[in-house]
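# Coordinate analysis (summary)
Below, each chain spelled out in residue letters.
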Amino acid sequence: MIFEFRNIAWFLGLIVAQIFFIDYLDFGIYSSYFSPIIICFFILKMKLDTTVINLLIYAFFLGIITDVFRNTLGLNTSVLLIITFLKPTFLNSISSKEDIENDVELNMFTMGFLRYLLFFGISIFTYHLLFFLLEQFSFNNLLILFLRAIVNTISALLFLVFLQYLFIFKK
Amino acid sequence: MRNIILLIQKYRNFLFFLFLEFISLFFLFSSRNSYHHYNYLSSSNRITSSLYNFQYNMFSYFSLREINNELLIENTSLKNQVLNKDMVVGRKFIKLEDTIYQKNFLFKEVKVINSQFKYFENFLIVNAGSKSGIKEKMGLIGTKGILGIVKNVTDNYATIRPLINPNFGLKVLHQNTNSWGDLIWIPQENNFQNIFVKNIPIYTKVKQGDYFISSGAEGLFPAGLKVGKVIEIIENIEQQTLDIKLKIEEDFSRIKIGFVVMNKTVDEINLHLKKK
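Residues numbered from 1 in each chain as written. Chains lettered and ligands numbered in written order. Predicted model: local features only at pLDDT ≥ 70, side-chain atom pairs only at ≥ 80, totals over all residues.

### Some words on the overall build of chain A
As a reminder of what qualifies: Here a strand is any run of E in DSSP of at least two residues, a helix any run of H or I of at least four, and the numbering for each starts at the N terminus. We compute the radius of gyration from the C-alpha atoms alone; for a globule the expected value is 2.2 Å times N to the 0.38, where N is the number of residues.
Along the backbone of chain A there are 7 helices and 0 strands. When the elements of chain A are put in sequence order from the N terminus, they spell out α-α-α-α-α-α-α. The C-alpha radius of gyration computed for chain A amounts to 16 Å, which stays within 12% of the reference 16 Å derived for 171 residues, consistent with globular compactness. When its C-alpha atoms are laid out on the principal axes, chain A stretches across 40 × 35 × 30 Å.

### Details of the sheet that holds strand β5 (residues 158–162) of chain B
All names here are of chain B. For the record, the criterion: Strands qualify as paired when DSSP identifies two bridges or more between them. Note on method: axes are straight lines fitted to C-alpha atoms, helices fitted across the in-contact stretch only, with angles between N-to-C directions ranging 0 to 180 degrees. What counts as a contact here is a pair of residues whose C-beta atoms, placed from the backbone, lie within 7 Å.
Spatially, the 6 strands close up into a barrel ordered β1-β2-β5-β4-β3-β12, and their pairing is antiparallel. Taking each pair of neighbouring strands and ignoring which way they run, the sheet shows an average axis angle of 45 degrees. Sheet analysis places strand β2 (residues 124–126) next to β5, joined by 3 bridges and oriented antiparallel. In the strand pairing of β5, Leu124 is matched with Ile160. Docked against the sheet, helix α4 (residues 46–59) engages β1 (105–115) and β2, running at close to 85 degrees with respect to β1.

### Considerations on the sheet that holds strand β8 (residues 194–201) of chain B
Residue and element names in this part refer to chain B. The 6 strands are arranged β6-β7-β8-β11-β10-β9 in a closed barrel whose pairing can be described as antiparallel. Put simply, the sheet's adjacent strands are angled 40 degrees from each other on average, direction ignored. With 3 bridges connecting them, strand β9 (residues 211–214) and strand β10 (residues 226–236) associate as antiparallel partners. Note on β10: the bridge partner recorded for Ile213 is Lys226.

### Section: the interface of chain A and chain B
For the record, the criterion: Residues are grouped as follows: nonpolar covers Ala, Val, Leu, Ile, Met, Phe, Trp, Tyr, Cys and Pro; charged covers Asp, Glu, Lys and Arg; every other residue, Gly included, is treated as polar.
The partner chain B presents 27 residues to the 26 residues of chain A that form the contact. Broken down by secondary-structure element, the contributors of at least two residues to the side of chain A that touches chain B are α3 (52–70), α4 (75–94) and α6 (113–136) of chain A. For the side of chain A that touches chain B, the element with the highest residue contribution is α3 of chain A, accounting for 7 residues. Of the residues assigned to the side of chain A that touches chain B, the class counts are 13 nonpolar, 11 polar and 2 charged.

### Topic: the nonpolar core
The following threshold applies: Each nonpolar core consists of buried Ala, Val, Leu, Ile, Met, Phe, Trp, Tyr and Cys residues. Their C-beta atoms, within 7 Å, join them into a set. To sort residues by exposure, count the other C-beta atoms lying within 10 Å of each residue's C-beta; 20 or more gives buried, 12 or fewer gives exposed, and values between give partly exposed, all with C-beta atoms placed from the backbone.
In terms of nonpolar packing, the biggest core is built from 45 residues, with Val126, Val150, Ile160 and Leu246 of chain B touching the most fellow members. Sorting elements by how many residues they give to this core places strand β4 (residues 146–153) of chain B first, with 5 residues. When sequence neighbours within four positions are dropped, the list of residues in contact with Leu246 of chain B reads Asn194, Ile195, Val197, Phe212, Val227, Gly228, Lys229, Val230 and Ile231 of chain B. Ranked by size, the runner-up nonpolar core spans 43 residues in total, among them Leu55, Leu73, Leu106 and Ala156 of chain A.

### Quick look at the packing of α3 of chain A against helix α2 (residues 12–30) of chain B
Selection criterion: By definition in this entry, angles of less than 35 degrees are roughly parallel, angles greater than 145 are roughly antiparallel, angles of 65 to 115 are roughly perpendicular, and the rest are oblique.
Close contact between α3 of chain A and α2 of chain B brings their axes to 10 Å; oriented N to C, the two are set at 10 degrees. Classed by the angle they form, the pair α3 of chain A and α2 of chain B counts as roughly parallel. Along its contact with α3 of chain A, which presents Val52, Ile53, Leu56, Phe60 and Gly63 of chain A, the element α2 of chain B presents Asn13, Phe16, Phe17, Leu20 and Ser24 of chain B. When grouped by side-chain class, the residues that make up the contact of α3 of chain A with α2 of chain B number 7 nonpolar, 3 polar and no charged.

### Re the confidence of the model for chain B
Keep this limit in mind: Think of pLDDT as the predictor's per-residue confidence, scored from 0 to 100.
For chain B, mean pLDDT is 84; residues scoring 70 or higher make up 87% of the total. Interface predicted TM-score (ipTM) for the complex: 0.83; the corresponding pTM is 0.83.

### Things to note about α4 of chain A
Cut-off, in case you're wondering: One fewer than the residue count of a helix, multiplied by 1.5 Å, yields its expected span. Note on bend: at a given residue it equals the angle between the axes fitted to the 7 residues ending there and to the 7 starting there.
Between its terminal C-alpha atoms α4 of chain A stretches 28 Å, which fits the 28 Å expected from 20 residues at 1.5 Å a residue. The largest bend in α4 of chain A is about 50 degrees, located at Leu86 of chain A, with the proline Pro88 of chain A one to four residues further on. Looking at α4 of chain A, one finds that the buried residues are Leu75, Asn76, Thr77, Ser78, Val79, Leu80, Leu81, Ile83, Thr84, Phe85, Lys87 and Leu91 of chain A. Buried residues along α4 of chain A sit in contact with α2 (40–44), α3 and α6 of chain A together with α2 of chain B.

### Remarks on the environment of Thr110 of chain A
Residue and element names in this part refer to chain A. Here Thr110 lies in helix α5 (residues 108–111). Given 14 C-beta atoms within a 10 Å radius, Thr110 is considered partly exposed. Among all residues touching Thr110, those that are not within four sequence positions of it are Val104 and Glu105.

Below, the structure is given as structure tokens:
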């Protein structure tokens, strides 16, 4: 039961942090480069024994709510669904199956910092790359697109480290 | 049949993924122009916009001083215009209330409760809707220049498509030569502070520091409002036109107030525009 409440809190908290905090950060003329998206953390941190169908439903609603706020209907949702479906692939690519227990939430304290960087880095980078590609819907300016994806991935990872120290870290 | 069921069971995750993905892509590609989707699943619906309004009420307090300064500056410029206009020269004629003059534009002050400026398609939300008489395709101006066009209206809120949106289109005038140009914002090349003016003939004499103003055509904005200042001029030899980069007068990262423009003669103008 406590687990359920904690999940609901993460779900709402990530949306609020995304829409009312991160989207409002202002970096002057460079702010078009800083639009990190952190909502995929909710999907990525889920326990491994959560069924894929459940994950997909979570992803769908998480994406739709964010999209409604940001006026990009369907954009976050479609990318988040792809990331959800590819999550096991990313995880297998960085570690063998026995390394991580099934009923443990994935974060930087349970995975270790290096594996956190690899797993979350790859997934969030893919997220941003697909997001920007789908947003501009052409292959023009690929270099700038890659730059934006990298910058946003790094800033999203940093922000997530900060969030995890605040809410997950236990002495 | 049994095999089909087995197949579905085997790939049910993938099929479910495909189903949801299809729904979201359907949303993505069909909702852009659909009225109903936009009315319910966009940021100007009741729940999202009231949340944005709550956030505005909490944080607008901190920028009161800036807003106040902007309004003071605007007030002085308006006062200059008004007081300089009706200077009494002689006492031969008396100005009567007549029907020759009619007010063309009405302004409704609104608060901009959410302003996007980082994305490809940016939108603004203002806290006045159809109950205040706002309709689609009205202009929105700020204290310094033009901001955007009303895209979608609900009861108490409205979504604005600002200049910094690739789907925004407007004809603007060069102040000194009165040449026509098209405003185009290209998200890959522009940030939220500059915008392109294209299709100006190459022989037009445009200098840095010149202003581009609204033309008053289509009845969206009053003529003569500032859009931006020229900062860069690129000659396009193939098309024999100039590509001009403007610095937008308004700063979209910190707008808090605006005025919706209601044109009383917009129906007449639309009648003429359709006949072409």
